[in-house]
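Residue-level listing of the chains:
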Amino acid sequence: MGTKTVNSGEQIDRQSRILEAALDLLSRHGISGVNMRAVAREAGVALGLVNYYYEDKLSLIRAALRRVDEHDLMLVAPDPSSDPDEQLRNALRRVAGAELLTTRYLSLRLHLWALAQAHEDFAEINAAAFDRYLDGLAALVSNANPGLSWGECRERAADIVVVQNGMWLTALLGVDKASIQRSIARTEEIAFAPPRGNASQDAGLLKE
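Residues numbered from 1 in each chain as written. Predicted model: local features only at pLDDT ≥ 70, side-chain atom pairs only at ≥ 80, totals over all residues. Heavy atoms only, no water.

A look at the pattern of salt bridges
Phase 1 of the analysis: One pass over the full model with this rule turns up 12 salt bridges.
Phase 2 of the analysis: Linking Arg-154 and Asp-135 is a salt bridge whose minimum nitrogen-to-oxygen distance equals 2.6 Å. One end of the pair, Arg-154, is in helix α8 (residues 150-171); the other, Asp-135, is in helix α7 (residues 120-144), and 19 residues separate them in sequence.
Phase 3 of the analysis: Residue Arg-154 is classed as partly exposed on the basis of its relative accessible area, which comes to 24%. (Salt bridge = Lys/Arg side-chain N within 4 Å of Asp/Glu carboxyl O. Helix = DSSP H or I, 4+ residues; strand = E, 2+ residues; numbered from the N terminus. Buried < 20%, exposed > 50% of the residue type's maximum accessible area, 1.4 Å probe, protein only.)

So, helix α2 (residues 36-43)
Phase 1 of the analysis: Among the residues of α2, those classed as buried are Met-36, Ala-38, Val-39, Ala-40 and Ala-43.
Phase 2 of the analysis: One side-chain oxygen of the residue at the start of α2 lies 3.1 Å from the amide nitrogen of Arg-37, identifying that residue as Asn-35.
Phase 3 of the analysis: Positive phi appears at Gly-44, one or two residues downstream of α2, with a value of about 75°. (Polar contact = N/O pair within 3.5 Å; in protein donor to acceptor, adjacent residues only side chain to side chain.)

Examining the packing of helix α5 (residues 84-94) against helix α9 (residues 177-192)
Phase 1 of the analysis: Remark: α5 packs on α9, axes separated minimally by 9 Å, with the N-to-C direction vectors making an angle of 145°. Every pair of crossing elements has a handedness; the one defined by α5 and α9 is right-handed. Judged by residue contacts, Asp-85, Leu-88, Arg-89, Leu-92 and Arg-93 of α5 engage Ile-184, Thr-187, Glu-188, Ala-191 and Phe-192 from α9.
Phase 2 of the analysis: Classifying every residue of the contact of α5 with α9 gives 5 nonpolar, 1 polar and 4 charged. (Axes fitted to C-alpha atoms, helices over the stretch in contact; angles between N-to-C directions. Left-handed = near helix turned anticlockwise from the far one by under 90°. Contact = heavy atoms within 4.5 Å. Nonpolar A, V, L, I, M, F, W, Y, C, P; charged D, E, K, R; others polar.)

Some points on α9
Phase 1 of the analysis: The end-to-end C-alpha separation of α9 is 23 Å, in line with the 22 Å expected for 16 residues at 1.5 Å each.
Phase 2 of the analysis: Buried residues belonging to α9 abut α5, α7 and α8. (Expected span 1.5 Å × (residues − 1).)

Section: the packing of aromatic side chains
Phase 1 of the analysis: For the structure on display, the rule yields 3 aromatic pairs.
Phase 2 of the analysis: Judged by centre distance (5.8 Å) and plane angle (80°), the ring pair of Tyr-105 and Trp-168 falls under edge-to-face. With Tyr-105 in helix α6 (residues 103-118) and Trp-168 in helix α8, this residue pair connects regions lying 63 residues apart in the sequence. The same class applies to Tyr-105 and to Trp-168, which are both buried.
Phase 3 of the analysis: Directly above the aromatic system of Phe-192 lies the positively charged group of Arg-89, at a separation of 4.3 Å from the ring centroid. (Phe/Tyr/Trp six-rings, centres within 6.5 Å; stacked < 30°, edge-to-face > 60°. Lys NZ or Arg CZ within 6 Å of the ring centre and 35° of its normal.)

Scope: geometric values only; no functional claims are made or implied.
Below, the structure written as C-alpha cells:
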C-alpha cells in the first residue's frame, strides 16, 4: 500500500519514447522545432517527465545524437555466426535497408550534420561517433582482408562512407533502386580490393 513504484523497464520505455520524439521533431523541423514542451507533447508524456530525464534542451539533443550513434554502430557490429566476408557484405548492404531509406531518417541525417556545424558540443559528439563508425567498419574490412594494414582499412572505410553518405543524400531525391544497388556494389569493390602491394605485383607480372 502506499507509494507506487515505477520499474526500470517502464523508465527505459518512457525515456526511449522521449528520445524518439526528439528525433522525430528534429527530422521534421530541425533544432528550431525541438523544445521540452514540444517533445513532451510528441512523446505523449508530461512536461515534468521530460525535465526529470533531461536538464535542458541541449542535454536532450546530446542524448538524441548519442542514440543515433548507437544505431550507426549496430550497422557495423560484428556477427560471429557469419564468416568475415559475409559480415562485411551484410554491413555494406545494411545501410540501404528499407528502414533507413525513408524521408524521416534521411532528413534526420541532414539535420544532424547541420547541428555539428552549429554547436561545439554537437560537433564533438558527431566527430567521436564518426570515428567509432569508421573503426567498426575498418575492423570488418580488416577481418575480411587481413593483408591490409590498419591504415589502409581506415582509408577504405572512409572512402566507403563517402559513397554511403552520397547514397543517403541523393535517396531524398528519389534515386531508383538500381542506383542504390550500384552504390552498394561500389562499396564492396572498395572493401574487397586486393592490397595495393599485390596489385602492383600483378601488374609487374603482366608486363614480363
